[in-house]
Amino acid sequence: MDLYAENILDHFRHPHRKAALTRHSVELQEKNPSCGDSLTLMLRMKKNTIEDVGWEGEGCAISQASMSILADALIGKTIEAAQALSPKDILAMLGVEVGPRRLKCALLSLHALRNALRKFQNLPPTPWREVLPNA
Amino acid sequence: MFQMLCYSPLALDIPSIRRQFPILSQRIGAYPLVYLDNAATTQKPKTVLDAMTHFYETSNANPHRGLYPLADRATQAYEDARSRVATFIHATRPEEIVFTKSTTESINIIAKCWGRTLRAGDVIALSVLEHHSNIVPWLQLKEERGIDIAWIDADGTGRLNMETLEKILGEKHVKLLSLSALSNVLGTAPPLQDIIAMAHRAQCLVLLDAAQAVAHHPIDVRELDADFLAFSSHKLYGPTGIGVLWGRERLLDAMPPMLGGGMMIDEVDCDHFTFAEIPQRFEGGTPPVADAVGLHAAIDWLTQFPWQEIEMHERSLLTTAQNELSKIEGLSILGGTSQERSGSLSFTLDGIHPHDLAELLGQRGICVRAGHHCAQPLHRHFAAPASTRLSVALYNTEEEIFALAAAIQEILPPFR
């Protein structure tokens, strides 16, 4: 399916949850150094559960739509469930075929999520290669 | 600026030039290949590919080592290439030409070998136009030796602020100014000759990063009065894997080697070595001989055309590009429109990120570059996180520029 399917462009033009949270438990920025795309993810946790999500960012339609779609999906998820999200899950949410060229764009959101959760648990961040084994 | 040559006007036969590039005849799906990413790397004419194959088929051996006729041929081919590069940039002697693997390596040799004499507080001057390969080696020296870096800023058109330069040169003892001879983003060139004269009055050496300039304008290192110059073969219609460092003989001669190994030594015993003369001193390891042969062929190929014709053709392509792109709503050219532009032109477009634009152009067979083009400080200067760049070569046509502009118009609507 076309990379620029209507749902991707919809999320790009009208991103969901793209706003800073006034109260959040953790905030984390990740960048794609090869293109400069950036995402700042904010999570509000209630005990072990993601209660609210907000984000800010700049970048291509793929990276921004991916964050927008993932932000919706995170609400109500436990830390464990969010941590278990795989690159395959993110690509399935996007619903389009992402080639190797744009894989990093599509997975910047997951990279930010994983490191936000780690930061929340006082763990050191993981590098890109954890998200993208062949990057 | 660059040396301008005068020739009687003789229009270039672009269709015939294109036929000499095997890669250009392919299609990407239903679309003809439109290659407008020449600042990243140029395509290679058949004569370059043939010269390299011929070398491997007839003359391959390790140069400067074997004692048999084949090794002589390899040595001859390698040293002929060195002499050809020397005449191409008007170096005084072939020994001033060091073969490296890239512009990046050439600049690194200066930073790491010439830079070994620098001490904390010494100053290197750079401009905001620079490519990362002319920034990072100096930042490494800053970390390692505590040198300072002085930055020359630019105005909204990308013109360097000469007052800043004057001030830097006047107030500090700047040891070296390392400067792009042609911006890989804006396609504009600083007034090189004036700047070099200013630097020399302040006893400051000048290194020119000619990676972009070399395919678009004649370069005469003696007329420019530069001290060091770096460029790559692959942006000059030659193969990847080989670059050039030119330096004044007395400066190169005073520098220690960077890589230790074969070829770069004079004598080695168990606890001591002395290094070879220039240029071998900087060429440790078996050199890229076939690539040198390819570079030689590329220079021969390019210089069969009068520089004035090359400059006119490429300028007219960029003028057409500026005219066509300016018709697109929400498009801004970094640095604004300019008649002085050569090589590259970069722009931003409201509503669509450069990566998406480049992806969708790519699907239509059109190759452009998207991102920061290894020039983050310059993009910060223009407050643009990324841009889309088109860059031209001798084989590009007006039709390709029209195809680019039409494709952008087609791609845009769903993003707005």
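Okay, so let's go over this structure. Throughout, residues of each chain are indexed from 1 in the direction in which the sequence is written. Whichever chain is written first becomes A and whichever ligand is written first becomes 1, with later ones labelled in order. Reporting of local features is limited, given that this is a predicted model, to residues whose pLDDT is at least 70; pairs of side-chain atoms are given and counted only at 80 or more, and all residues count toward the totals for whole chains, interfaces and linings. Derived side-chain values reflect all non-hydrogen atoms in the structure, with water molecules and hydrogen atoms excluded from consideration.

## Regarding the overall build of chain A
We apply this condition: Numbering of helices and strands starts at the N terminus; helices are DSSP runs of H or I of at least 4 residues and strands are runs of E of at least 2. Here the globule rule is a power law, 2.2 Å times the number of residues to the power 0.38, and the radius of gyration is based on C-alpha atoms. Whether a residue is buried, partly exposed or exposed follows from its accessible area with a 1.4 Å probe, protein chains only, as a fraction of its type maximum: under 20%, in between, or over 50%, in that order. Throughout, a residue-residue contact means that at least one pair of heavy atoms, one from each residue, lies within 4.5 Å. Computed with the Shrake-Rupley method and a 1.4 Å probe, the accessible areas treat only the protein chains shown as cover for residues. A residue counts as positive if it is Lys or Arg and as negative if it is Asp or Glu; His and the chain ends are not included. Where a charge sits is defined by one atom per residue type, namely NZ (Lys), CZ (Arg), CG (Asp) or CD (Glu).
Each helix and strand counted, chain A has six helices and three strands in total. Helices (α) and strands (β) of chain A occur, in sequence order from the N terminus, as α-β-β-β-α-α-α-α-α. Computed over its C-alpha atoms, the radius of gyration of chain A comes to 14 Å, within 12% of the 14 Å expected for a compact globule of 135 residues. Across its three principal directions, the C-alpha atoms of chain A cover 40 × 30 × 25 Å. Of all 135 residues assigned to chain A, the portion counted as buried reaches 49%. Taking the contacts inside chain A whose residues are at least 6 apart along the sequence as the reference set, 60% of them involve residues at least 24 apart. Put simply, chain A shows about 6400 Å² of open surface, and 51% of that area lies on carbon and sulfur atoms. Where the 17 positive side-chain charges of chain A centre and where its 15 negative ones centre are 5 Å apart.

## Focus on the environment of Tyr35 of chain B
Residue and element names in this part refer to chain B. Going by this rule: Polar contact is defined as a pair of N or O atoms within 3.5 Å, subject to the rule that within protein one atom must be able to donate a hydrogen and the other to accept it, and that residues adjacent in sequence are counted only when both atoms are side-chain atoms.
The residue Tyr35 is located in strand E3 (residues 34-35) in this model. Linking Tyr35 and His216, residues 181 residues apart in sequence, is a C-alpha distance of 16 Å. One polar contact links the side chain of Tyr35 to the main-chain carbonyl oxygen of Thr41, over a distance of 2.7 Å.

## Here's the deal with the sheet that holds strand E17 (residues 387-391) of chain B
Residue and element names in this part refer to chain B. To keep it simple, the criterion reads: Strand pairing is assigned whenever DSSP detects at least two bridges linking the two strands. Every axis in this analysis is a line fitted to C-alpha atoms, fitted for helices over the stretch in contact. Angles between the N-to-C directions lie between 0 and 180 degrees.
Read across the sheet, four strands follow the order E13-E14-E17-E16 without closing on themselves; strand pairing throughout is antiparallel. Of all the strands in the sheet, the pair left with one neighbour each is strand E13 (331-333) and strand E16 (369-371). Along the sheet, successive strands turn relative to each other by an average axial angle of 30°, direction set aside. Judged from the three bridges that link them, E16 and E17 form a sheet pairing that is antiparallel. Residue pairing in the sheet places Arg369 in a bridge with Arg389 of E17. Sheet strands touched by helix H12 (residues 354-363): strand E14 (344-349), E16 and E17. Its angle to E16, the strand with the most contacts, is close to 160°.

## Side note on helix H6 (residues 162-171) of chain B
All names here are of chain B. The condition is simple: What the arc covers is the set of directions going from the helix axis to the C-beta atoms.
Residues of H6 that are buried: Thr164, Leu165, Ile168 and Leu169. One side of H6 holds all its buried residues, which, seen down the axis, span an arc of 125°. Looking at H6, the residues exposed on the side facing more than 90 degrees away from the buried face are Glu163, Lys167, Gly170 and Glu171. Where H6 is buried, its residues contact strand E6 (148-152), strand E7 (174-180) and helix H7 (192-201).

## Description of a nonpolar patch on the surface
All names here are of chain B. As a reminder, the rule being used: Exposure above 30% relative accessible area and no salt bridge define the residues that can form patches, which grow by joining like charges within 9 Å and nonpolar side chains of Val, Leu, Ile, Met, Phe, Trp and Tyr within 5 Å. The salt bridge criterion pairs a side-chain nitrogen of Lys or Arg with a carboxyl oxygen of Asp or Glu, the two atoms within 4 Å.
Together, Ile265, Val268, Phe273 and Phe275 line one region of the surface with nonpolar side chains, adding up to about 340 Å² of accessible area. At the level of secondary structure, the elements contributing two or more residues to the nonpolar patch comprise strand E11 (265-269) and strand E12 (272-275). Turning to its location among the elements, Val268 is positioned in strand E11. By relative accessible area, Val268 is classed as exposed at 55%.

## Some details on the pattern of salt bridges
Residue and element names in this part refer to chain B. As enumerated under the stated definition, the model contains 24 salt bridges over all chains in all. Lys46 is paired through a salt bridge with Asp50; the nearest N and O atoms lie 3.1 Å apart. On the criterion of helical spacing, the pair formed by Lys46 and Asp50 is a turn pair, its members being four residues apart in helix H2 (residues 46-58). Residue classification places Lys46 among the partly exposed positions, given a relative accessible area of 41%. Here Asp155 ties to Arg159 by a salt bridge, and the two come within 3.9 Å at their closest N and O atoms. Residue classification places Asp155 among the partly exposed positions, given a relative accessible area of 32%. Among the residues examined, Arg159 registers a relative accessible area of 56% and is labelled exposed.

## Here we look at the interface of chain A and chain B
Quick note on the threshold: Buried area adds together the accessible area that both of two parts lose upon being put together, with accessible area traced by a 1.4 Å probe.
With 17 residues of chain A in contact, the opposing surface of chain B contributes 13 residues. Both faces combined, the contact of chain A with chain B buries some 1200 Å², and carbon together with sulfur accounts for 52% of it. Counting across the interface, chain A meets chain B through three salt bridges. Residues Arg102 of chain A and Asp356 of chain B are paired through a salt bridge, measuring 3.1 Å at the closest nitrogen-oxygen approach. Connecting chain A to chain B are eight residue pairs in polar contact (both at pLDDT 80 or more).

## Section: the nonpolar core
Where we set the bar: Residue types Ala, Val, Leu, Ile, Met, Phe, Trp, Tyr and Cys, when buried and joined through side-chain atoms within 4.5 Å, form a set referred to as a nonpolar core. Each domain's limits were defined by an automated method or a database of domain assignments.
Ranked by size, the top nonpolar core spans 85 residues in total, and within it Ile89, Phe99, Leu177 and Tyr237 of chain B carry the most contacts. Sort the elements by how many residues they give to this core and helix H10 (residues 289-303) of chain B lands first, with 10 residues. The two domains that each donate at least three residues to this core are domain 1 (14-45 + 306-411) and domain 2 (49-303) of chain B. Discounting chain neighbours no more than four positions away, the residues touching Phe99 of chain B are Tyr78, Ala81, Arg82, Val85, Ile242, Gly243, Val244, Phe282, Glu283, Ala292 and Leu295 of chain B. Grouped together as the second largest cluster of nonpolar side chains are 45 residues, Val98 of chain A together with Leu331, Leu357 and Phe415 of chain B included.

## Section: unusual backbone geometry
Residues and elements named next belong to chain B. In this chain, Ile278 is followed by Pro279 through a cis amide linkage whose omega measures 0°. Turning to its location among the elements, Pro279 is positioned in the loop between E12 and H10. For Ala383, which is not glycine, the phi dihedral falls at a positive 50°. When you line up the elements, Ala383 lands in the loop between helix H13 (376-381) and E17.

## Examining H2 of chain B
Residues and elements named next belong to chain B. Heads up, the condition is: Take the residue count of a helix, subtract one, and multiply by 1.5 Å to get its expected span.
The end-to-end C-alpha separation of H2 is 18 Å, in line with the 18 Å expected for 13 residues at 1.5 Å each. Within H2, burial applies to Val48, Met52 and Phe55. The buried residues of H2 occupy an angular sector of 60° when the element is viewed end-on, so they sit on one face.

## Quick word on the packing of H12 of chain B against helix H14 (residues 398-411) of chain B
Residues and elements named next belong to chain B. This is how the line gets drawn: Crossings are assigned a handedness: left-handed for a near helix turned anticlockwise from the far helix by less than a right angle, right-handed for a clockwise turn. Under the convention adopted here, Pro, Cys and the residues Ala, Val, Leu, Ile, Met, Phe, Trp and Tyr are nonpolar, Asp, Glu, Lys and Arg are charged, and Gly plus all remaining residues are polar.
In the contact formed by H12 and H14, the axes pass within 10 Å of each other and the chain directions differ by 115°. As for how H12 packs across H14, the hand of that crossing is right-handed. When H12 is examined against H14, the residues Leu357, Leu360 and Leu361 are found in contact with a partner set consisting of Leu404, Ala407, Ile408 and Ile411. A per-class count over the contact of H12 with H14 returns seven nonpolar, no polar and no charged.

## Quick look at the packing of aromatic side chains
The condition that has to hold: Classification of ring pairs rests on two measures: the distance between centres of Phe, Tyr or Trp rings, Trp counted by its six-membered ring, which must be within 6.5 Å, and the angle between planes, read as stacked under 30 degrees, edge-to-face over 60 and tilted in between. Here, a charge over a ring is recorded when the distance from Lys NZ or Arg CZ to the ring centre is within 6 Å and its angle to the ring normal is within 35 degrees.
Summed over the entire model, instances satisfying the criterion amount to 11 aromatic pairs over all chains. For the pair Phe12 of chain A and Phe415 of chain B, a centre-to-centre distance of 6.0 Å together with 70° between the ring planes defines the contact as edge-to-face. Highlighted residues: Phe12 of chain A in helix H1 (residues 6-13) and Phe415 of chain B in the segment after H14, drawn from two different chains. Accessibility expressed as a relative area gives 17% for Phe12 of chain A, which makes it buried. When the ring of Tyr237 of chain B is compared with that of Tyr395 of chain B, the centres are 6.0 Å apart and the planes differ by 85°; the resulting orientation is edge-to-face. You can see Tyr237 of chain B sitting in the loop between strand E9 (228-232) and strand E10 (243-247) and its partner Tyr395 of chain B sitting in the loop between E17 and H14, a full 158 residues away along the chain. Of the residues examined, Tyr395 of chain B reaches a relative accessible area of 0% and is grouped as buried. In textbook terms, an aromatic cluster arises when at least three aromatic residues are bridged by ring pairs, as seen for Phe21, Tyr237, Trp301, Phe305 and Tyr395 of chain B. Here the guanidinium or amino end of Lys104 of chain A rests over the ring plane of Trp128 of chain A, the centre of that ring lying 5.0 Å away.

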